[in-house]
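# Fold and geometry: a report
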Amino acid sequence: MAYVDGFVLAVPKARLDEYKDMARRAGTVWLDHGALSYVEAIGDDVPYGELTSFPRAVQARDDEVVVFAWVTYQSRNERDRILKLVMDDERMQGDRDTMPFDGKRLIFGGFEAFIQVQPGGGEP
């Protein structure tokens, strides 16, 4: 079963184009090193909850959008191998002070998939 890295972050609306460029580059790097897929999505229906919510989790301000992203791999071992290559890749090196988002408010984690339903019925 697949392994998934998930990410939630807040991106200033004024820097969204810059973030999209960075995300496209990152997606290419992940796929070049063997990831199965790379997805970045901008929240357009993410209400601010009373106790918990995506915007609360990343302390999103009114001038920011929430981004939800994930990368899939064949296994945890593959993820660990690929992630090391991605982090060492020169295309991923940059100045943390000029990133188009606040990395301190980034939430991330790895998840072992336990079910995946696909069109045509059933699990793969």
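This one's a predicted model, so the numbers in the text were calculated from it and none came from an experiment.

Calculation criteria
- Residues numbered from 1 in each chain as written.
- Predicted model: local features only at pLDDT ≥ 70, side-chain atom pairs only at ≥ 80, totals over all residues.
- Heavy atoms only, no water.
- Helix = DSSP H or I, 4+ residues; strand = E, 2+ residues; numbered from the N terminus.
- Polar contact = N/O pair within 3.5 Å; in protein donor to acceptor, adjacent residues only side chain to side chain.
- Contact = heavy atoms within 4.5 Å.
- Salt bridge = Lys/Arg side-chain N within 4 Å of Asp/Glu carboxyl O.
- Buried < 20%, exposed > 50% of the residue type's maximum accessible area, 1.4 Å probe, protein only.

## Let's talk about the side chain of serine 53
- Mapped onto the elements, serine 53 comes out in the loop between strand 2 (37-42) and helix 2 (54-57).
- In this structure the side chain of serine 53 is engaged in a polar contact, spanning 3.2 Å, whose partner is the backbone nitrogen of arginine 56.
- Excluding residues within four positions of it along the chain, serine 53 makes contact with Pro47 and Tyr48.

## Observations regarding the pattern of salt bridges
- Here the structure, examined in full by the defined rule, presents 13 salt bridges.
- For aspartate 21, the salt bridge goes to arginine 24, with nearest N and O atoms at 3.2 Å. Here aspartate 21 pairs with arginine 24, and both are found in helix 1 (residues 16-32), just 3 residues apart, close to one helical turn.
- Among the residues examined, aspartate 21 registers a relative accessible area of 46% and is labelled partly exposed.
- Arginine 24 sits in the exposed class, given a relative accessible area of 54%.
- Residues aspartate 88 and lysine 84 are paired through a salt bridge, measuring 2.8 Å at the closest nitrogen-oxygen approach. Remark: lysine 84 and aspartate 88 occur in helix 3 (residues 76-88); sequence separation between them is 4 residues, near one turn of the helix.
- Given a relative accessible area of 55%, lysine 84 falls into the exposed group.

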